[in-house]
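Fold and geometry: a report
Okay, here's what each chain looks like letter by letter:
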Amino acid sequence: MIGNEPRYDYASMGSSRSARRGWPVVILGVLGTFLMVVFWMAAIRDFGGPRPIAGTAYAVGEQSELSDADTPVDISKNSLLVPGREVAAAQCAMLPLGTTAAQLEAFYREGLVCLDRAWTPVLRAIGKPVVSPKLSIADVPKARCGVTPTEDEALAFYCNRDRTIYMPRERLMRSAGDSAPYHLAVLAHEYGHHVQALTGILSASALREDAAEESEALEISRRTELQANCLGGLFLDAAKRGGALSADFVDEAADSFGDTLSSETHGSRRNQLAWAKRGTGGGTTASCDTWSAQSVDVE
Ligand SMILES: [Zn+2]
């Protein structure tokens, strides 16, 4: 997309551990393409609203059969959300978290197996393609989205162009330590962006965000990020119902969404927790419709 610079939007999310407070999440959208990148960011300085960053110019022509959104659409009418689908109780066996590269990758891969099992029936039911995201735990990620966030900027991120969840190991270990619920919450949030991508929501939101004035663009960013929290929460509940996760595990993971800094791009601390808990509270994907929520609920 020549002439359109990528944008950063910022918000925060941390775990319940005080040492982990204030890790913002960042979303990077690129107009008119499916190059959306969603970052889980570390707050190291005050971030304002969307701002251009130096970056690579991207090629257009990324129109994909994986998405039904090629124009700004009323996202609340997306078939993911209307009439809403229950996420299947996911039966899978989460591994204990280990901190070596092999152990951590194995933990994430089992998490992705579990996430796939939970979300595949939903995607099939609404006629969307089912594609497992790829995973990278490389310490120096090189996403096809063209911009590799620095460690100061990103903890984890999703790149729509290469359908990959990037979980740089050293960054995750420094931030999430040995908290399996925290690691899985990050993964579930990024997978939420993958679901948004497969259903066309991510590209549609990027188009809408790019066309909007700053304050509206920020609200669109918050609706996107808060929805990823909620979708992540739905998965956690599904994994609990399937016996893969204990109630305590899910509670700790859910709480990690709320112990954070308020952000104009990802929402207030209260709302970040609230949307995650809408997910972990069960229900259907309709409960994750941030797009028709009142502005006060996505502040
Ligand atoms: Zn995100």
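The present account deals with the structure reproduced in this document.

Definitions and limits used
Residues numbered from 1 in each chain as written. Predicted model: local features only at pLDDT ≥ 70, side-chain atom pairs only at ≥ 80, totals over all residues. Heavy atoms only, no water. Core = buried A, V, L, I, M, F, W, Y, C linked by side-chain atoms within 4.5 Å. Buried < 20%, exposed > 50% of the residue type's maximum accessible area, 1.4 Å probe, protein only. Helix = DSSP H or I, 4+ residues; strand = E, 2+ residues; numbered from the N terminus. Contact = heavy atoms within 4.5 Å. Disulfide = S-S within 2.5 Å. Donors = N, O, S within 2.8 Å, 3.2 Å for Na, K, Ca; no water. Axes fitted to C-alpha atoms, helices over the stretch in contact; angles between N-to-C directions. Parallel < 35°, antiparallel > 145°, perpendicular 65-115°, else oblique. Left-handed = near helix turned anticlockwise from the far one by under 90°.

Turning our attention to the nonpolar core. By size, the foremost hydrophobic cluster in this structure holds 63 residues, and its most contacted members are Leu80, Tyr108, Trp119, Met167, Leu184, Phe235 and Leu245. Going through the elements one at a time, helix H1 (101–125), strand S6 (156–159), helix H2 (169–176), helix H3 (180–198), helix H4 (201–211), helix H5 (214–241), helix H6 (247–256) and helix H7 (269–280) are the ones with two or more residues in this core. If near-sequence neighbours (up to four positions away) are discounted, Leu80 is found in contact with Arg85, Trp119, Val122, Ile126, Val195, Thr199, Ile201, Leu231 and Thr285.

Turning next to the state of the cysteines. Here the structure, examined in full by the defined rule, presents 3 disulfides. Note that Cys92 is cross-linked by a disulfide to Cys114, the S-S spacing being 1.8 Å. Linking Cys92 in the loop between strand S4 (51–52) and H1 with Cys114 in helix H1, this pair joins segments that are 22 residues apart in sequence. In this structure, Cys92 and Cys114 share a single accessibility class: buried. The disulfide partner of Cys145 is Cys159, and the S-S distance across this bridge is 2.0 Å. Given an S-S torsion of about 95°, the disulfide between Cys145 and Cys159 has right-handed geometry. Within this pair, whereas Cys145 is found in the loop between strand S5 (134–136) and S6, its partner Cys159 is found in strand S6, the two being separated by 14 residues in sequence. For Cys145, a relative accessible area of 0% translates into the label buried. For the chain, numbering the cysteines in disulfides from first to last along the sequence yields the connectivity 1-2, 3-4, 5-6.

Below, the discussion takes up the coordination of the zinc ion. Here the zinc ion is held by His189 (NE2), His193 (NE2) and Glu225 (OE), and the distances to it run 2.0 to 2.1 Å. All donors of the zinc ion come from a single chain, and their spacing in sequence reads H-x3-H-x31-E. Separated by 36 residues along the polypeptide, His189 in helix H3 and Glu225 in helix H5 bring together distant segments of the chain. We classify His189 as buried; its relative accessible area is 1%.

So, about the packing of H3 against H5. Look at H3 against H5: their axes get within 7 Å of each other, and the N-to-C directions meet at 115°. The orientation of H3 relative to H5 falls into the category roughly perpendicular. Note on packing geometry: the crossing formed by H3 with H5 is right-handed. Between H3 and H5, the residues in contact are Leu184, Ala188, His189, Gly192, His193, Val195 and Gln196 and Thr224, Glu225, Gln227, Ala228, Asn229, Leu231, Gly232, Phe235 and Leu236, respectively.

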